[in-house]
Amino acid sequence: MYKLKARRTLFTAVILIISITLMGCANSETGSSTEGTAKEANSITLSWPRDIGSMNPHVYNPSQLIAQSMIYEPLVSYKEGGKIQPHLAESWSISDKGLEYTFKLRENVKFTDGTPLNAAAVKKNFDAVMKNANSHSWLGVINVLEKTEAVDEQTFKMVLKEPYYPALQDLAVVRPVRFLAESGFPEDGDTSKGIAKPVGTGPWMLSDYKKDEYAVFTRNPDYWGESPKLEKVTIKIIPDAETRVMAFEKGELDLIYGEGLISMDSFNQLKEAGEYHTELSEPVGTRSLLLNTTNEKLADLRVRKALQHGFNKQAMVEGITLGLEEKADNILSKNFPYTDIEVEPFEYDAEKAAAYLEEAGWKLPSGKAVREKDGQPLELELIYDKTDPIQKAMAETLQAEWSAIGVKLNITGLELTSQIERRKAGDFDVDFWYNYGAPYDPHSFINVVAEKGWGVSEAHSRLQMKAELDQQISEALASTDEKKRQQLYSSILGTLQEQSVFVPISYIKKTVIYQDDVKQFNFPANRDEHPFNEIEMSQ
């Protein structure tokens, strides 16, 4: 009897404990669910084709601009119409000779580790960038920077060796002149080798990250400026464009934003579905081919002109971009300063292309499909970013079109980093190349034509007038005479157009597709900045 009573008591206790435990779990789960729902309701998830990288503000690929711009900020920012506005610097002055730029830093700006942004921190970052100046020589202001000075706690001075009119535009770019906290620096201070951790002043902080899978950014609670409406931005790494579209259609993504992230066919299908919002930006750059004249075959202007005439650009652009990009005749679109020049387009003309090749000595032997000269076939390689569906489709089209004029084109898809490395090493025949867009152009475009180390200047190295071209570029960048500057730009762009090392294809537009609950999306004026600060989610 005692044992039975004891068993009943024990059973009741066990049931009570289990019940209490289950209630606790239920309460806990309910609480988590509510909290999670609230967070998700004010967050956004998008995809990106590659990992965000090390989040080092002073280096380039594989770090991704969209993520770097969320954490790090510039002294000045670039707005619609090319206006330069205060950002971390609340004001600035320029000396009469254009050599000294003095910036008054904004008060009460802190890094996300709580330390203040002051002139010493700004100088430390400039010093780190200039320690590896050769890595940044594509940016003109780096080449003319003589010294920097922390004048006082909130005053920073930049002294140039010579006048350089687009200095402020260069300081608005996403990298390399943005600012890392002292705690983010490596022990030896050399950020070119890496950073300790990503600590900036920006409106977002990297809070969770798994390489090649995702990155989670949360709102900086102590941001000095207007705080973003969203609390969290999650970037999922999805390399494949079609997988990205399927994830969006399943509702796993709120937004797909960028350049070349999905095919134009997919964009139009999503647009025609009528369930999502789709938008195109104004032209942000020119999609071009870069022909490397260090290759003996491409050193001949007649061959380069033959390739220009040898493909139906209009049909290719309409077919691949479905009319969502415009055929480009000018190397730079006319919406940049100094670029509104008239050019004679290279129209599609297979007979003229063949005639240029014949004149250059490239003959088509009887019974063969590839032209030859001195026993060598007219064979070239085109490298492209294998994650970019538009580059891939255009590469395949060019392969077919140029074969019709007797040119064998081998196409090779690469990881973006490998593509860039091969370009910088001059290890390519034909590559896709884009100008930088706002706020870089047109000054950064002409600078990279003159400045060695990026593969573009080297690709032009066999031009007979290269030394004269470089001199004109140097004069244009230093000129304080607006009329003379316009004349120099017209001459430089006219020469580049005629020499056909750049083969303009189309004017690029950014695309965005987003779900119905995403509100207040606006394309940023700066091509590389993120768009997240103004976005809201409807409740």
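Everything that follows concerns the structure shown earlier in this document.
Here the structure is a predicted model, which is why all the values come from computation and not from measurement.

J.: Can you walk me through the nonpolar core in this structure?
T.: A general trend in soluble globular proteins is that nonpolar side chains are found buried together. Core analysis: the largest hydrophobic core is formed by 75 residues, its most contacted members being Phe217, Val233, Leu255, Leu289 and Trp402. Leaving out residues up to four positions away in the same chain, Leu289 has contacts with Leu382, Leu398, Trp402, Val430, Asp431, Phe432, Val501, Phe502, Val503 and Ile505. Listed in part, the 67 residues of the second largest apolar core include Ile142, Ala172, Phe445 and Leu477.

J.: What is the right way to look at the pattern of salt bridges in this model?
T.: Note on pairing: side chains with opposite charge can pair once their charged atoms come close. Overall, the coordinates contain 31 salt bridges when judged by the stated rule. A salt bridge links Arg302 to Asp300; its shortest N-O distance comes to 2.9 Å. Residue Arg302 is classed as partly exposed on the basis of its relative accessible area, which comes to 29%. Where Arg302 meets Glu359, a salt bridge forms, and the shortest distance between an N and an O atom there is 4.0 Å. One end of the pair, Arg302, is in helix α8 (residues 301-309); the other, Glu359, is in helix α10 (residues 350-359), with 57 residues separating them in the sequence.

J.: Is there a simple way to think about unusual backbone geometry in this case?
T.: Glycine aside, the phi torsion of most residues is negative, and most peptide linkages are trans. Following Arg175, the chain continues into Pro176 via a peptide bond in cis, with omega recorded as 15°. Structurally, Pro176 is set in the loop between α5 (167-171) and β8 (204-210). With an omega of 5°, the peptide bond between Ala438 and Pro439 qualifies as cis. Within the element layout of this structure, Pro439 appears in the loop between β18 (430-434) and α13 (443-450). Backbone geometry at Gln520 places phi at a positive 60°, although glycine is not the residue there.

J.: Even after reading the chapter, I still don't get the pairing of strand β12 (residues 277-291), so can you show me in this structure?
T.: The side chains of a regular strand alternate between the sheet's two faces. Extensive coverage of β12 is indicated by the burial of 11 of its 15 residues. Summarising the sheet, β12 and strand β19 (residues 502-514) pair through 11 bridges and their orientation is antiparallel. Of the residues in β19, the one forming a bridge with Pro283 is Lys509. Examined bridge by bridge, β12 and β18 share five bridges and lie antiparallel to one another. Residue pairing for β18: Leu291 is matched across the bridge by Val430.

Scoring rules and cut-offs
Residues numbered from 1 in each chain as written. Predicted model: local features only at pLDDT ≥ 70, side-chain atom pairs only at ≥ 80, totals over all residues. Heavy atoms only, no water. Core = buried A, V, L, I, M, F, W, Y, C linked by side-chain atoms within 4.5 Å. Buried < 20%, exposed > 50% of the residue type's maximum accessible area, 1.4 Å probe, protein only. Contact = heavy atoms within 4.5 Å. Salt bridge = Lys/Arg side-chain N within 4 Å of Asp/Glu carboxyl O. Helix = DSSP H or I, 4+ residues; strand = E, 2+ residues; numbered from the N terminus. Pairing = 2+ DSSP bridges.

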